[in-house]
Structure formats: C-alpha cells, structure tokens
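# Descriptive analysis of the structure
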2 protein chains.
Amino acid sequence: MSAKTLGMQCRECGKEYPLAPVHVCELCFGPLEVKLNWELIEKRVTRESIAAGPPSMWRYWDLLPVEGPPTVGKNVGWTPLVKAERLGRELGLNNLYVKNDAVNHPTLSFKDRVVAVALTKAREFGYDTVACASTGNLANSVAAHAAEGGFRSYIFIPADLEQGKVVGTLIYGTNVLAVSGCYDEVNRLCAEAGDRYGWGFVNINLRPFYGDGSKTYGYEIAEQLGWRAPDHVIVPCAGGSLISKIYKGLKELERLGLLDGPVNTRMYAAQATGCSPITTAIKTEAAVFRPQRPNTIARSIAIGNPADGYTAIETVRKSGGWAEDVTDEEVVEGIRLLARTEGIFTETAGGVTVSVTKKLAEQGRFGKDDVVVIAITGNGLKTQEAVMGRVGHTIPIEPNLNSLEAALKTEKLLATSS
Amino acid sequence: MSAKTLGMQCRECGKEYPLAPVHVCELCFGPLEVKLNWELIEKRVTRESIAAGPPSMWRYWDLLPVEGPPTVGKNVGWTPLVKAERLGRELGLNNLYVKNDAVNHPTLSFKDRVVAVALTKAREFGYDTVACASTGNLANSVAAHAAEGGFRSYIFIPADLEQGKVVGTLIYGTNVLAVSGCYDEVNRLCAEAGDRYGWGFVNINLRPFYGDGSKTYGYEIAEQLGWRAPDHVIVPCAGGSLISKIYKGLKELERLGLLDGPVNTRMYAAQATGCSPITTAIKTEAAVFRPQRPNTIARSIAIGNPADGYTAIETVRKSGGWAEDVTDEEVVEGIRLLARTEGIFTETAGGVTVSVTKKLAEQGRFGKDDVVVIAITGNGLKTQEAVMGRVGHTIPIEPNLNSLEAALKTEKLLATSS
C-alpha cells in the first residue's frame, strides 16, 4: 500500500524534503507542511467512509499525516456543534453555532486534537520522549497523552500559569519545567533545547504534524452542518495555527467534492487587546505583524510572537474576514455571556472569542441568517481565577425554612437565568 | 400517537398514580418510578433506530420518560468508552474499560444526563423555575441547563463545597443558597421547600424522571461494547440512584432483544470509607443501611442518608456483585493512578471508584479476561483541592539552556510517565 504522506514542503518557497520531524525550510526559513498523497486519498474518501468511522476525530484518519492507526488519543474530538439559540437572539443572529471543544476528551481543549496526531506520529518516528512549550492547554494535553502512551515527557510552561493548568499537568506524572518568563521566552528556550536533545517537541520539530490535527476542527464543523461550510468562523489566535488549519480543512473537503456548495467561509481572528499582534496587523492592514509583550488575563492565547502569525493574517485576508480584539473586562463579560445564555463555561480564550463575535456582529459583518460558528477551544474550570469575585456570590442560609424564607424576601434574587 | 409514559408506579407496593411531578408513594412511602409504554416502545426500537439517532444520549429518546423532543441538554452524553490498556495491565485485567463522563457536555459529569431529562420534563409539566439540592456536580448541571433553557433557578449546596464547584455554578447566573450543614441537611430543607414553592426540584419532585436519565449511561456502555452487557461495572454511590439505573438500562436492552447474550452483569458499589452507608450494609450483609455523618474529601458522594440506598443495595445483591470503600489517602492514589496510566483526570468520586476497582481486583473478584467497566462520573478540575500538594512540583528554571541543563542534571526526573 502506498504511503499517505509523501514528504515535507515549504509553504513559502515550495522546496521539498523527505518525511521527517523537521519544521523549518533550510533555504528560506519558511514553515514546512506535510505533503499528502492526494491521488490515494481521493480514491478512498467519501461522506460514507467518514460517517462509517469512529465518533472521534479519527473518522478523518485518511486525511491526517500518520501511516498507522492512532496509538494515543483514540477518543479525541467529535465534540458537539451546539445551536446557540439564546446567544443568537442576543446578537441578532438566527444561525449561530458554538463548536465546543471545552468538552474535548481527555483534557477539555482543542489541543487534544493536535497532540493525538503529534504523539501518534512521534511513535511512528520512534521517539520515546516528548515535550512541548505551552501556555497551559497544550501542557495538560501532552502530559495526559504521554501518560496514556507511556512516553517520558517534559513540559515547559511560563512560571506564572493558572493553578488549574499546573495541577492539571502534574497529575499525569510528568516533568514540568516552570520557566521564569513569558511564553515567547519559553518557546525560544524550547527551540534551542529541541536541537540539543532527541525529544519529540510537539509544537517545534513535530509542528507540521501537530498543526494538521487542527484540520479536524474544520472537518467536524462542516460535517455537523450537514456537509456544508459555514459563512463565518471566529477563532481565537495564539500561535496562529488553528485559524488557518480550520480553513485548510474546509478547503480540503471542498477539493474532495464532499461539500454542498463552495467554501465561501470568512475567517475572523480574535485576540485580547493586551496581546494582539495578529488582530492589530489585520486591522491596520500592515504587511507584517509586530511582536508584543503580552499583558492580559487570557494567558492561554498570550503569545506575543506567534509562530504562524503570518499564515493567520493571510488566511483572514484571503477569506475576506476581519479581526477584533477585546479588553480583559470584555473577556470576563464574554465568559459570562456564553454561560448565562447557553450554559457553557469557557476559559478566557473563549471569553475573547465570544466578545469579539459580539463586536463583529455590532459592526454588521454578519447577515442575520448567515451561518456563524464561534470556536470555543477550552474549558472555564481551567481559568477560574479570571472570573472569581466577578460572578456574584452565594446566599448563606441556615438549614431551615425560616432562614430560606428570609433570604428569598431580602436578597436580590435573579428573576431569570439572565 | 399514544403516550410513551403511562403514569407512575411505586417500586415497593406497586400502587399506580397518574403521570405527575411526584416521587413518593402515599401508601407505603416507597419511591415512585415512571411506567413506560413498553407495547409502544417494543414496536419502535431496534439497534438500527438507535444508531440512526444523534451522537448524544437522545439516541435513546424512545426509552426516556419525555413525550416531546429534548428542549434542553440536546448534546449531553455519548461519552467515550475508553479501553484502559495500561491501567488494565496494572490491575491484571485484559478487558478493562473506563466510561468517561468526565468529558460530558456541558458540565463534565454524569449529572448532565439526569438534568437533561428532568428539565425537558419540567418544561412539559409547565415549570418556569427549577431547583436542586446538590453536592456540586448537580449544581453545575442544573445551573447550566437552566441557563440554556431560560428557567429561573435555585441551587442549594452545603456551604463548604469545593471552590471550583461554586464558581462553576455561579457563572451561569443562578441563585445559589449556601446552607450551613451537610448534604443531608440541605436535602431535608429542599424536601420541605419543595412542598411550599411551585418549583421543579430535579432530585425531589422530578426525581423519577431525573433518575431515568442515568439509564443512558448503561445503554451507552452496552452499545459501545458492540451490543453486549459487560461482566462487571463498578459505580460510585452517593444517593444510590446511578447504580440501579445503569443495571435497569442494561436489563431494558435485554428485554428489547437488542443484546448479544444475556445480562449477567455484576454491579459493584464504591464509596469512601468516611461515608459508606451503602458499602457497609453490603459488606456486613445487613438488612438495612445505617445513615452516617460524612467525613471524607470525596464530597460529591458524601451522602450519609442516601435516598435510593435501599435500591442500590438490592441491585448489588441481586446482580451477584459486591462493594468496597477506600480511605481518603486511597482516593488520591486512585486519581493519580488513572491519570498516570490513562491520561484521564477524574474528581474524588472517580478516585474512589478506581481504588475500589483495584481492591476488588486484588480480592480476585474478576476473571482476567472479563469485561470490566469503571464508571468515571466527574472531572478532576472540579476537585483540585484534593490533590493539590500531592502531585509533585514544578521545576523552576531560567529561560536559558544552562539553567535547563543544570535542572536536568540535578532534579529527580521522572523516567517514564509512571
């Protein structure tokens, strides 16, 4: 049987390389991508072949850069696409959806998708040790999947990460290196370490494989909409990979003839104002983005020098989308808005995305019947600090009816869930 | 079209009642159950009709006590049944599975199942206000689904609940009554309040409907095993409802002729030693259970006077199962064991269930090739306090290679993920 993956290719200059754990072009320093064997894939993939697959991201195995079956993360993905009726009413949108990776198996973020591919590929390459630089969600996911797969693991995080993300990494029995510095410093250290040690760094030397895991987020949206592409997708941007991979996923389904109608999807980048290199470049129509020193409560997307920033900007532009960023205050408001209208508790990155969606809706960027998808990529239990003290308070009572009666009379109660 | 639900019936004396939000028999004070229209259901349900349903618990709509389509919680359930290879090796079990409701949509516990049914039914009964007594997971779920459905809500919790469960309730914009007392006092207050106010108390007057939501946990296990019942299921016990409903679910599939082979499943009750009325009764072969004053870190299952304790005990006995309980130290060990072998981070109740499974395996209660299912019903991010300070520590380094090198040489590193 021929291989699904033919080799690597530079996204900028097109130079080809043999299949290997490499991520940067030697000629032009552009990012490398995996070159898939489309001749083979086109023969094999149909709507039916996908639907007959498992209820996980591995239903798209034919389109992922691995040769064997998944060896870790077999249950990742196929998360709900939620029709957001009540939030839609607040935003004046009749066809609003939330793609909810806040319940992704096993570590409650979209990072489980990229890690499942990266570690399955790491095993194919023969690695016994894996590592990553992370703002938290990736740390959780690499640690969990390394445990599941029996890999040794090293997780590099900024020392000031939220408690939930630290405990939710250590629990898996991994080595956590807490680096005194911001994510960009952590990432630079890891790039150097990647050259020195024989480790599979999921978001460095394994990055081309890792990135392709995000395509499944796009595939799922289209399949769950009944094999059609949405009109608009709003995506939180950190390193800038996810937004372009969702778009790539949609375009691949179009290429395979699996969709009803063309992909006219507009992609929107969402960032926190305190770390907005990508959205600033788009809004100011700058040719390049300027790295920033992050200062926001949305730490999971606080990457001042995004590895795939250029590609993210290009994706937004060529799709006809736009970008917005929001203050930390608006981040918390976004988290609360999604919770009180849809019963979904997302982390700070999700608060960014919801508030950016609101802003874009107010700017009139969506038709009221357009299909709009908000990418919710992580769970609110991981960033409780951000909302603590800003979610109201409990009403203390004694365990008797008189005490309850008194509270019901005197307390300011919420008449409805809003 | 005839109704799916014919009325209510006392589980003890058999007295019948019309369909209504009532839960206690007037004659004998036994618990009421919903009487389904089996004549209708038998005509309609096949493996194919279920498989053609949505990837949620609502694929079993025909078997649930509601008449209309789900109006809240449409995306609940159909969580992964994980083949636990590495944990299986540690326990000497070749066919060990974890049914993982720690990633249930939307609030990461099996309670989303019961609440989806209870609130869909609450709407059918015409309630605009819902309420519950909760040890945490139910609080999260009722608050989230009330928000999604636009219900007013009142959530009663013991005042000393874990922070994650309080924030993860308030975020949805609900009224949280923090009662100074243990769960059993909270529950007594709610029983009184249920009579006074016209609220739909999901685990009081709506309890018969609520309870049937748990059947889907059993249905899914069997369907995911390829339409067969497992040999053993280990279930954490709090109020005692879940264990009997899983068994009921399996028996219903057998009755409908949907399974390969009979249901010879043995059911095992798991509790923390600090609150073990159910397991103590089983282990001492007592006729009745003695209420206890809870004292355990496993607060989500710390119910000293379980509403369905008798039924739980009866289910274990008639299925040929057994029971065990574990210390708080073992609870933490159980959480860590599941995390480091399978990459799944569960809450304290899950730590109980894993450690009880280990104990039962050591007692030789399972054949090494038997199909054993551990019920993981909630997420570890909700009970971080329980493991904090007991999961190792991060290794502080500066953002340069020399500092990393020094740490790699001097720190005691984990050689593998175990």
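Residues numbered from 1 in each chain as written. Chains lettered and ligands numbered in written order. Predicted model: local features only at pLDDT ≥ 70, side-chain atom pairs only at ≥ 80, totals over all residues. Heavy atoms only, no water.

As annotated in an unreviewed UniProt entry, chain A carries the name Threonine synthase and comes from Chthonomonas calidirosea. According to its UniProt record, chain A has this under Cofactor (unreviewed entry): "pyridoxal 5'-phosphate". Per UniProt, chain A has the following entry under Sequence similarities (unreviewed entry): "Belongs to the threonine synthase family." (UniProt positions renumbered as here; feature names shortened; annotations may be inferred.)

### Section: the overall build of chain A
A tally of regular secondary structure across chain A gives 16 helices and 14 strands. For chain A, whose C-alpha radius of gyration is 21 Å, the value lies close to the compact-globule estimate of 22 Å for 418 residues. Along the longest, intermediate and shortest principal axes, the C-alpha atoms of chain A span 75 × 50 × 45 Å. With 418 residues in all, chain A has 65% of them scored as buried. (Helix = DSSP H or I, 4+ residues; strand = E, 2+ residues; numbered from the N terminus. Rg over C-alpha atoms; globule rule 2.2 N^0.38 Å. Buried < 20%, exposed > 50% of the residue type's maximum accessible area, 1.4 Å probe, protein only.)

### Examining helix H9 (residues 215–224) of chain A
Residues and elements named next belong to chain A. With 9 of 10 residues buried, H9 lies mostly within the body of the structure. Within the span of H9, buried status applies to Lys-215, Thr-216, Tyr-217, Gly-218, Tyr-219, Glu-220, Ile-221, Ala-222 and Glu-223. Gly-226 sits one or two residues past H9 and shows a positive phi near 85°.

### A short note on the relation of the copies chain B and chain A
Superposition of chain B onto chain A requires a rotation of 180° combined with a translation of 0.0 Å along the rotation axis, giving an RMSD of 0.0 Å. Each copy turns onto its partner about a two-fold axis. In terms of C-alpha distance to the rotation axis, chain B has B:Val103 as its closest residue, with the C-alpha 2.6 Å off the axis. A shared binding surface is used by both copies, with 100% of the interface residues of chain B retained as interface residues in chain A. (Least-squares fit on C-alpha atoms with pLDDT ≥ 70 in both. Contact = heavy atoms within 4.5 Å.)

### Here we look at unusual backbone geometry
All names here are of chain A. With an omega of 0°, the peptide bond running from His-105 to Pro-106 counts as cis. If you trace the backbone, Pro-106 turns up in the loop between strand S5 (95–100) and helix H4 (111–125). Although it is not a glycine, Phe-29 sits at a positive phi angle of roughly 65°. With a phi angle near 55°, Trp-78 is a residue other than glycine that sits in the positive phi range. Residue placement: Trp-78 occurs in the loop between helix H2 (47–51) and strand S4 (81–83).

### Points about the packing of aromatic side chains
The tally for this structure, following the rule as stated, stands at 17 aromatic pairs over all chains. Centre to centre, the rings of A:Tyr154 and A:Trp199 are 4.2 Å apart; their planes meet at 10°, and the pair counts as stacked. Of the two residues, A:Tyr154 is situated in strand S7 (residues 152–158) and A:Trp199 in the loop between helix H7 (183–196) and strand S9 (200–201); the sequence distance between them amounts to 45 residues. Ring geometry for B:Tyr60 versus B:Tyr219: centroids 4.9 Å apart, planes at 45°, classification tilted. Remark: B:Tyr219 occurs in helix H9 (residues 215–224) and B:Tyr60 occurs in the loop between helix H2 (47–51) and strand S4 (81–83); sequence separation between them is 159 residues. Classification of B:Tyr219 as buried rests on a relative accessible area of 0%. Aromatic rings pair up to connect A:Tyr154, A:Phe156, A:Tyr197, A:Trp199 and A:Phe201 into one cluster. Just above the ring of A:Trp61 sits the side chain of A:Lys4; from NZ or CZ to the centre is 3.3 Å. In this structure, A:Arg123 is placed above the aromatic ring of A:Phe151, and the distance from its NZ or CZ to the ring centre is 4.3 Å. (Phe/Tyr/Trp six-rings, centres within 6.5 Å; stacked < 30°, edge-to-face > 60°. Lys NZ or Arg CZ within 6 Å of the ring centre and 35° of its normal.)

### Considerations on the packing of helix H13 (residues 328–342) of chain B against helix H14 (residues 348–362) of chain B
Residues and elements named next belong to chain B. The contact between H13 and H14 brings their axes to 7 Å, and the two run at 90°. Relative to H14, the element H13 is oriented roughly perpendicular. Only Thr-348, Gly-351, Val-352, Val-354, Ser-355, Lys-358 and Lys-359 of H14 make contact with H13, whose side of the interface consists of Glu-330, Val-331, Glu-333, Gly-334, Ile-335, Leu-337 and Leu-338. The residue makeup of the contact of H13 with H14, split by class, is 6 nonpolar, 4 polar and 4 charged. (Axes fitted to C-alpha atoms, helices over the stretch in contact; angles between N-to-C directions. Parallel < 35°, antiparallel > 145°, perpendicular 65-115°, else oblique. Nonpolar A, V, L, I, M, F, W, Y, C, P; charged D, E, K, R; others polar.)

### A closer look at the pattern of salt bridges
Inspection of the entire model under this criterion finds 64 salt bridges over all chains. Here B:Lys99 ties to B:Glu220 by a salt bridge, and the two come within 2.7 Å at their closest N and O atoms. Here B:Lys99 is found in strand S5 (residues 95–100), whereas its partner B:Glu220 is found in helix H9, with 121 residues between them in sequence. Neither B:Lys99 nor B:Glu220 differs from the other in exposure class; each is buried. Look at the salt bridges and you will find they share partners, linking A:Arg11, A:Glu33, A:Arg207, A:Asp212, A:Lys215, A:Lys245, A:Lys248, A:Glu252 and A:Asp308 into a network. (Salt bridge = Lys/Arg side-chain N within 4 Å of Asp/Glu carboxyl O.)

### Some words on the nonpolar core
Residues A:Phe156, A:Leu404, B:Phe156 and B:Leu404 are the most contacted members of the largest nonpolar core, which totals 302 residues. Once you skip the residues sitting within four places of it in the chain, A:Leu404 turns out to touch A:Ile397, B:Phe156, B:Leu177, B:Leu189, B:Ala193 and B:Tyr197. (Core = buried A, V, L, I, M, F, W, Y, C linked by side-chain atoms within 4.5 Å.)

### Here's the deal with the packing of H4(A) against helix H5 (residues 137–149) of chain A
Residue and element names in this part refer to chain A. Between H4 and H5, whose axes approach to 9 Å, the crossing angle comes to 40°. Comparing the axis directions of H4 and H5 gives the class oblique. When the axes of H4 and H5 are compared, the crossing they make is right-handed. Every residue of H5 that contacts H4 at Lys-111, Asp-112, Val-114, Val-115, Leu-119 and Arg-123 is listed here: Asn-137, Leu-138, Ser-141, Val-142, His-145, Ala-146 and Gly-149. The residue inventory of the contact of H4 with H5, partitioned by class, reads 6 nonpolar, 4 polar and 3 charged. (Left-handed = near helix turned anticlockwise from the far one by under 90°.)

### Looking at the UniProt feature "domain: Tryptophan synthase beta chain-like PALP" (unreviewed entry) in chain A
The UniProt entry lists residues 75–378 of chain A under the feature "domain: Tryptophan synthase beta chain-like PALP" (unreviewed entry), expressed in the numbering used here. A distance of 17 Å separates the end C-alpha atoms of residues 75–378 of chain A, which is 45% helix and 16% strand.

### Considering the sheet that holds strand S14 (residues 395–397) of chain B
One open sheet holds the 5 strands; their spatial order is S9(A)-S6(A)-S7(A)-S8(A)-S14(B), and the pairing between them is parallel. At either margin of the open sheet sits one strand with a lone partner, and together these are S9 of chain A together with S14 of chain B. Direction of pairing for strand S8 (residues 175–179) of chain A relative to S14(B): parallel, over a ladder of 3 bridges. Across the sheet, A:Val179 pairs through a bridge with B:Ile397, a residue of S14(B). Set on the sheet, helix H16 (residues 401–410) of chain B makes contact with S7 and S8 of chain A together with S14 of chain B; between it and S14(B) the angle comes to about 155°. (Pairing = 2+ DSSP bridges.)

### Section: the UniProt feature "modified residue: N6-(pyridoxal phosphate)lysine" (unreviewed entry) in chain A
Residues and elements named next belong to chain A. Following the UniProt record, one finds the feature "modified residue: N6-(pyridoxal phosphate)lysine" (unreviewed entry) at Lys-111. Take Lys-111: it is sitting in helix H4. In contact with Lys-111, not counting residues within four places along its chain, are Asn-137, Leu-138, Ser-141 and Tyr-210.

### Describing the pairing of strand S6 (residues 129–133) of chain A
Residues and elements named next belong to chain A. For S6, a buried count of 5 out of 5 residues is recorded, marking the element as mostly surrounded by other parts of the structure. A two-sided burial pattern is seen for S6, the buried positions comprising Thr-129, Ala-131 and Ala-133 on one face and Val-130 and Cys-132 on the other. Taken together, the 5 bridges between S6 and S7 define a ladder with parallel strand orientation. Within S7, the position partnered with Cys-132 by the bridge is Ile-155. Running through H5, the crossover from S6 to the neighbouring parallel element S7 is right-handed. Bridge count for S6 against S9 is 2 bridges, and the pairing is parallel. Looking at the pairing, Ala-131 lines up with Phe-201 of S9. (Right-handed = clockwise from strand over helix to strand, strands pointing away.)

### Things to note about the interface of chain B and chain A
On the side of chain A, 80 residues touch chain B, which itself brings 80 residues to the contact. Three residues stand out in chain B for area buried against chain A, namely B:Ile171, B:Leu381 and B:Leu401, and they jointly supply 9% of the buried area on that side. Ionic pairing is found between A:Arg196 and B:Glu405, a salt bridge with its closest N-O pair at 3.5 Å. (Buried area = accessible area lost by both parts, 1.4 Å probe.)

### Here we look at the pairing of strand S3 (residues 32–36) of chain B
All names here are of chain B. Extensive coverage of S3 is indicated by the burial of 4 of its 5 residues. With 5 bridges joining them, strand S1 (residues 5–10) and S3 adopt antiparallel strand pairing. When the sheet's bridge partners are listed, Gln-9 is paired in S3 with Glu-33.

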